[in-house]
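Commentary on secondary and tertiary structure
In case you want the letters, here they are:
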Amino acid sequence: MTANAVPHVKLSSGLHLPMMGLGTSQFVNHQGASVPNLKGTREAVEYAIDIGYRHVDTAYSYGNEAEIGTAIRNKIQQGVIKREDLIVTTKLFHNLHRADVNNVDFRTPDLVLGSIKKSLKNLQLDYVDLYLIHAPMSYQFIVSDEKIGYVTDANGNRLYDTVDHADTWKALEELVDLGLAKSIGVSNFNIRQLQHLLDNCRIKPAVNQVENHAYLMQPQLWNKTKEELVLTEDPIVGEVAKRHSKSPTQVLIRYMIERGRVVIPRSTNPVHIKENFEIFDFEMSKSEMSKLDGLDRNLRFFPFTQFKDAPQFPFND
Ligand SMILES: NC(=O)c1ccc[n+]([C@@H]2O[C@H](COP(=O)([O-])OP(=O)(O)OC[C@H]3O[C@@H](n4cnc5c(N)ncnc54)[C@H](OP(=O)(O)O)[C@@H]3O)[C@@H](O)[C@H]2O)c1
């Protein structure tokens, strides 16, 4: 498999986005806590680039931008890629939506500009290809020891902020003008929130990154409840996988790409990273595709329940 074999979608910004990228979000340790697996992330990104991945997804909040930056720099220095060969996405943290900070006790003149500069420094890059508002909920923030954290009340509840997304978006548009982000977009926005941006923007959001898989196809960007099901153990997926001598995961990734979605499955396991990339050498029949269509049940595995009380929580309407 080579990088050239991966299909691309052309975004409204003109950017050609490979439909297969590497996800790198936080990892869970043996006690169940979320921790970035830093060495694992660097090695995974280097291996993925070696075997042809040209699209990497991260976020300020994943805490691994510096390791990803090192991986990219290593691969450029080794002559495996040039900067322009690789699409790098990162995201604006939930509590940095404020473009102007007149009412906020913080010294950075512009939180959005300050945030991307921090990410670019971590990534050792001059620009990112895609910069996304990570989620629509905005929160008040505090900075201590150079780290950005949530402001909480006496009971430990996070304090919301009420920033109009259109204001944050204007600050993102300026990042494009400054050449710091080639394309800008959002993540986890619902239809109403997207429409608000479309009605108030100069540059259209190029992307809305959302949870998406055969159990949650979101034809209209909609969702309901979570159930305990394992998608890779679904008998229909297993039957299709067996017929093509592929793994259930390969069938599920291929299915999403066939349905026009850009995918970023995460792995630090080289066997999985390779397996996830080896999906362009088989084709599913129409009847297999329609059986897989039948799996959709509005099932969200990543429901952001910790933010469900926020006024801008996207998954209530
Ligand atoms: N914008 C947002 O709010 C948001 C939210 C969630 C995720 N994301 C992005 O989407 C990416 C993907 O989501 P995710 O990380 O939550 O979950 P995911 O990619 O759906 O699943 C990751 C898990 O699947 C395993 N895996 C990967 N390939 C496999 C294979 N071929 N066979 C068996 N197991 C396999 C990985 O383990 P191994 O490491 O052992 O392979 C890991 O435990 C994230 O990394 C992040 O970049 C964005």
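Residues numbered from 1 in each chain as written. Predicted model: local features only at pLDDT ≥ 70, side-chain atom pairs only at ≥ 80, totals over all residues. Heavy atoms only, no water.

An unreviewed UniProt entry annotates the protein as Aldo-keto reductase family 1 member C1-like protein of Hypsibius exemplaris.

Here we come to the overall build of the protein. Looking only at helices and strands, the protein features nine helices and 12 strands. Within the protein, the proportion of its 317 residues that are buried is 49%. Taking the contacts inside the protein whose residues are at least 6 apart along the sequence as the reference set, 72% of them involve residues at least 24 apart. For the protein, the exposed area adds up to about 15,400 Å²; of that, 49% sits on carbon and sulfur atoms. (Helix = DSSP H or I, 4+ residues; strand = E, 2+ residues; numbered from the N terminus. Buried < 20%, exposed > 50% of the residue type's maximum accessible area, 1.4 Å probe, protein only. Contact = heavy atoms within 4.5 Å. Areas by Shrake-Rupley, 256 points an atom, 1.4 Å probe, with all protein chains shown as cover.)

Mapped onto the secondary structure, Ser 247 falls in the loop between α6 (235-244) and α7 (248-258). Discounting residues that sit within four places of it in the chain, Ser 247 has contacts with Ala 241 and Glu 275.

This paragraph deals with the UniProt feature "binding site: substrate" (unreviewed entry) in the protein. Taking the UniProt record as the reference, the feature "binding site: substrate" (unreviewed entry) is found at His 134. Contacts of His 134, omitting those with residues within four sequence positions, involve Ala 59, Ser 61, Tyr 62, Lys 91, Leu 92, His 94, Ser 187 and Asn 188. (UniProt positions renumbered as here; feature names shortened; annotations may be inferred.)

This part takes up the packing of aromatic side chains. When we look at a pair of aromatic rings, we describe it by the centre distance and by the angle of the planes. Summed over the entire model, instances satisfying the criterion amount to nine aromatic pairs. Between Tyr 139 and Tyr 160 the ring centres are 5.5 Å apart and the planes differ by 55°, which places this aromatic pair in the tilted class. You can see Tyr 139 sitting in the loop between β8 (128-133) and β9 (141-144) and its partner Tyr 160 sitting in the loop between β10 (147-150) and α4 (165-177), a full 21 residues away along the chain. Measuring from ring centre to ring centre gives 6.4 Å for Tyr 215 and Phe 301, while their planes differ by 40°; the resulting arrangement is tilted. Residue Tyr 215 is found in the loop between β12 (208-209) and α6, and its partner Phe 301 is found in the segment after α9 (286-293); the two are separated by 86 residues along the sequence. Overall, Phe 301 belongs to the partly exposed group, its relative accessible area being 29%. Each member of the aromatic cluster is reached from another via a ring pair, and the members are Tyr 139, Tyr 160, Phe 302, Phe 304, Phe 307, Phe 313 and Phe 315. In this structure, Arg 300 packs its charged tip against the face of Phe 315, placed 3.6 Å from the ring centre. (Phe/Tyr/Trp six-rings, centres within 6.5 Å; stacked < 30°, edge-to-face > 60°. Lys NZ or Arg CZ within 6 Å of the ring centre and 35° of its normal.)

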